[in-house]
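# Observations on the model geometry
The primary structure of each chain is shown beneath.
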Amino acid sequence: DAKTTQPNSMESNEEEPVHLPCNHSTISGTDYIHWYRQLPSQGPEYVIHGLTSNVNNRMASLAIAEDRKSSTLILHRATLRDAAVYYCIPTTSGTYKYIFGTGTRLKVLA
Amino acid sequence: NAGVTQTPKFRILKIGQSMTLQCAQDMNHNYMYWYRQDPGMGLKLIYYSVGAGITDKGEVPNGYNVSRSTTEDFPLRLELAAPSQTSVYFCASRQQPSLDEAFFGQGTRLTVV
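Report follows, based on the coordinates. Keep in mind the model is a prediction, meaning the values are calculated, not measured.

Conventions and cut-offs
- Residues numbered from 1 in each chain as written.
- Chains lettered and ligands numbered in written order.
- Predicted model: local features only at pLDDT ≥ 70, side-chain atom pairs only at ≥ 80, totals over all residues.
- Heavy atoms only, no water.
- Phe/Tyr/Trp six-rings, centres within 6.5 Å; stacked < 30°, edge-to-face > 60°.
- Helix = DSSP H or I, 4+ residues; strand = E, 2+ residues; numbered from the N terminus.
- Buried < 20%, exposed > 50% of the residue type's maximum accessible area, 1.4 Å probe, protein only.
- Lys NZ or Arg CZ within 6 Å of the ring centre and 35° of its normal.
- Contact = heavy atoms within 4.5 Å.
- Buried area = accessible area lost by both parts, 1.4 Å probe.
- Salt bridge = Lys/Arg side-chain N within 4 Å of Asp/Glu carboxyl O.
- Polar contact = N/O pair within 3.5 Å; in protein donor to acceptor, adjacent residues only side chain to side chain.
- Nonpolar A, V, L, I, M, F, W, Y, C, P; charged D, E, K, R; others polar.
- Pairing = 2+ DSSP bridges.
- Axes fitted to C-alpha atoms, helices over the stretch in contact; angles between N-to-C directions.

### Some points on the packing of aromatic side chains
All chains considered together, the criterion is met by 13 aromatic pairs over all chains. Consider the rings of Tyr98(A) and Tyr33(B), whose centres lie 6.0 Å apart with planes at 40°: the pair is tilted. Taken together, the residues span two chains, with Tyr98(A) in the loop between β8 (84–91) and β9 (104–109) and Tyr33(B) in strand β4 (residues 31–37). Tyr33(B) carries the same exposure label as Tyr98(A), and that label is buried. Here Arg68(B) stacks its cationic end above the ring of Phe74(B), 5.9 Å away from the centre of that ring. Stacked on the ring of Tyr98(A), the Lys or Arg Arg94(B) has its end atom at 3.7 Å from the ring centre.

Written out as structure tokens, the structure is:
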């Protein structure tokens with residue numbers, strides 16, 4: 001399974017962009033990169049996923065490095081509701097485990 | 001569409017008691033997972049299943065058992081509860097292992113005293 005490294009915590013001001021990094025240097029060529037977030041007292045919820053090129057959806061953007069050893073989740077305008085723990089998960093093709101790392105706790109300041 | 005439903009939401013067990021945490025999904029997903037989350041920590045995979053009749057161990061399987069007799073249900077059994085099993089338990093399901101998002105239940109908060 002690919003290993004991930006994320007900062008333990010980050011802070012952002014409300015309505016400013018947030019860049020959440022994830023290092024996954026052991027990822028293989030067919031591993032998708034999934035991002036989830038967990039709001040306080042709730043189960044994780046899906047944010048976005050991608051393979052090689054950058055991806056956008058209504059919640060966020062995902063920028064994947066050309067060598068695929070790292071990725072960055074981008075929240076374009078942080079709101080108080082975005083305060084959560086964000087997890088980066090490489091999903092290895094051919095295995096069925098879904099392993100969460102320790103994640104990054106995002107604090108949004110009003 | 002209910003998604004992933006976990007019951008009960010809360011439970012207090014005495015040391016040595018047993019219980020089953022229920023998980024049901026109505027999305028016809030093949031893959032189902034059980035996680036535990038200790039206070040202030042990340043999620044740890046307990047067991048997972050790739051379809052009815054097929055289960056496998058995750059990162060922390062000791063003290064737990066699972067079964068998967070139908071596509072919809074994936075119960076988690078705790079035998080001889082211990083204080084170390086005090087945690088929040090999450091069940092999740094997804095259709096495909098790499099491409100699809102996983103859907104999580106709201107969790108079961110278990111306290112063993």
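After that view of the structure, there is still more to cover.
### A few points about the interface of chain A and chain B
Counting from both sides, the interface comprises 20 residues of chain A and, opposite them, 23 residues of chain B. Of the roughly 1,800 Å² buried where chain A meets chain B, counting both sides, 58% is carbon and sulfur surface. On the chain A side of the interface with chain B, the three residues burying the most area are Tyr96(A), Tyr98(A) and Phe100(A), jointly 32% of the side's total. Here chain A and chain B share 0 salt bridges between them. For the interface between chain A and chain B, the tally reads 3 residue pairs in polar contact (both at pLDDT 80 or more). Secondary structure elements with two or more residues in the side of chain A that touches chain B: β3 (32–38), β4 (45–50) and β8 of chain A. Here the element with the most residues in the side of chain A that touches chain B is β3(A); it accounts for 4 residues. Taken together, the residues of the side of chain A that touches chain B break down into 9 nonpolar, 10 polar and 1 charged.

### Remarks on the environment of Pro83(B)
Residue placement: Pro83(B) occurs in the loop between β8 (76–78) and β9 (87–94). Filtering out sequence-adjacent residues up to four positions away, Pro83(B) remains in contact with Ile15(B) and Val112(B).

### Regarding the sheet that holds β8(A)
Residue and element names in this part refer to chain A. If you trace the 5 strands from one edge of the open sheet to the other, you get β1-β9-β8-β3-β4, paired in mixed fashion. Among the strands making up the open sheet, the edge pair consists of β1 (9–13) and β4. With direction set aside, neighbouring strand axes in the sheet form an average angle of 25°. With 5 bridges joining them, β3 and β4 adopt antiparallel strand pairing.

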